[in-house]
Amino acid sequence: MINKSLRTTILFNLGAFVLVFILELLSIWMIRDRFETSYSFYLHGLNFTVVVMAVIWMNHFVLIQYLFDKKQYFFYGLLLVGSILLGSYFKNYPDITWIGITKMSFYLLYTTGTGMAVFFLSRNIKIQKENNEKEKLQKEMELNYLKNQVNPHFLFNSLNSIYSLSRRQSPETPDLVMQLSELLRYQLESSKIDIVLLKKELEFIENYLLLEEKRLSKRCKVEFLIEGDLSGLKISPMLLIPFVENALKHGAQSTNEQSTIDISASVNNGTLHFCVINSKPSLAAASKRKGLGLENVKRRLNLLYPNTHILEIENLENLYRVNLSIDLTDSRLKEKFID
């Protein structure tokens, strides 16, 4: 069975053969009376076409592939000129004259040059298309890898919260386990798709914060404010939660001191402004924050929203601030939501 690429090449060259044949007949149509019969007229056009296409095909499928692409330019030029002279010889045989060979050689040189221009243009388009497909495939593979990394990272942090409450034998533990199961349900469903409603993603964050507040008791004051019209806006799933996780991990969870976390999500003209500010423990004011979740989300932002997002991180003495702006009007992601 002929593959698609080979079938396209065959059809293209057959089309070129027919086009050259028609053009030759049109060029000698006014002098068709000089031919003894219609058969000799069409045979002349066919012979001319065969010579022209033979030189072009020899150049494309042999000389370019085995000499030009291997940078053997001297032998390529030598054999190309030889092919043109040989084609001119057979075209004029048996009435061989220098004038006839010269005229035919210039014509073959012109048609071969034109064919080369078309050949290299089509090949460059094909190579560019293949590179784009490879880049797209690589991007999808990397994004899937990054999304899969989020799952165990989030689960690990959530189970730590449940474990902490169970050790204190809190009566709220069963309810929190159920709440965690709902969070994991959303996460598992969102991991199968590329885009979710922004409203659903913010609801997920709100539920996660409620779970964490139970564990942190009165040690941490959490504020979560949502402003603007969220209807119709979409975002890549699990993209915002790492900033919230880091605020909890490096703020409230790292100290017994009183701490605060202020989170705001506002929408203005299709742009999401997401801000997370957490207080820092006095003993850890000089530490530098690093973590898998934060590096992961930076990479995802660069892949999913290139040139359409701004991420600013400030590590100050008493607080840590994250400001993220994303233009959500860029709808290149798949139109599929979680109900």
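Residues numbered from 1 in each chain as written. Predicted model: local features only at pLDDT ≥ 70, side-chain atom pairs only at ≥ 80, totals over all residues. Heavy atoms only, no water.

Colleague: Tell me what's going on with the pattern of salt bridges, and back it up with residues and numbers.
Modeller: Counted according to the given criterion, the structure contains one salt bridge. Among the salt bridges present, the one from glutamate 314 reaches arginine 321, with a minimum N-O distance of 2.6 Å. Looking at glutamate 314, the relative accessible area reads 33%, which means it is partly exposed. For arginine 321, a relative accessible area of 21% puts it in the partly exposed group. (Salt bridge = Lys/Arg side-chain N within 4 Å of Asp/Glu carboxyl O. Buried < 20%, exposed > 50% of the residue type's maximum accessible area, 1.4 Å probe, protein only.)

Colleague: Give a description of the nonpolar core that names residues and reports values.
Modeller: Core analysis: the biggest nonpolar cluster contains 44 residues, and Leu198, Ile205, Ile235, Phe243, Val244, Leu272 and Phe274 have the highest contact counts within it. Sorting the residues of this core by element identifies helix H5 (173-190), helix H6 (198-216), strand E2 (220-227), helix H7 (241-250), strand E4 (259-268), strand E5 (271-279), helix H8 (292-304) and strand E7 (319-327) as the ones contributing at least two each. Counting residues per element, this core draws most heavily on H6, which supplies seven residues. Contacts of leucine 198, omitting those with residues within four sequence positions, involve Leu230, Leu233, Lys234, Ile235, Val267, Leu272 and Leu328. Among the nonpolar cores identified, the runner-up in size contains 18 residues, and Val55, Ile56, Tyr76 and Leu80 belong to it. (Core = buried A, V, L, I, M, F, W, Y, C linked by side-chain atoms within 4.5 Å. Helix = DSSP H or I, 4+ residues; strand = E, 2+ residues; numbered from the N terminus. Contact = heavy atoms within 4.5 Å.)

Colleague: How would you sum up a nonpolar patch on the surface? Please name residues and give values.
Modeller: Taken together, Val18, Leu19, Ile22, Leu23 and Leu26 make up a surface patch of nonpolar side chains, about 470 Å² in accessible area. Tracing the backbone shows leucine 26 in helix H1 (residues 4-27). (Patch = residues over 30% accessible without salt bridge, like charges linked within 9 Å, V, L, I, M, F, W, Y side chains within 5 Å. Areas by Shrake-Rupley, 256 points an atom, 1.4 Å probe, with all protein chains shown as cover.)

Colleague: Could you give an account of the sheet that holds strand E6 (residues 309-315), with specific residues and numbers?
Modeller: Across the sheet, five strands lie side by side as E2-E4-E5-E7-E6; this open sheet has mixed pairing. Unpaired on one side and paired on the other, E2 and E6 mark the two borders of the sheet. Looking at each pair of strands side by side, their axes are set apart by 5° on average, direction ignored. With nine bridges joining them, E5 and E7 adopt antiparallel strand pairing. The residue bridging serine 279 from the neighbouring strand is leucine 319, located in E7. H7 rests against E4, E5, E6 and E7 of the sheet, and its axis sits at about 10° to E5. (Pairing = 2+ DSSP bridges. Axes fitted to C-alpha atoms, helices over the stretch in contact; angles between N-to-C directions.)

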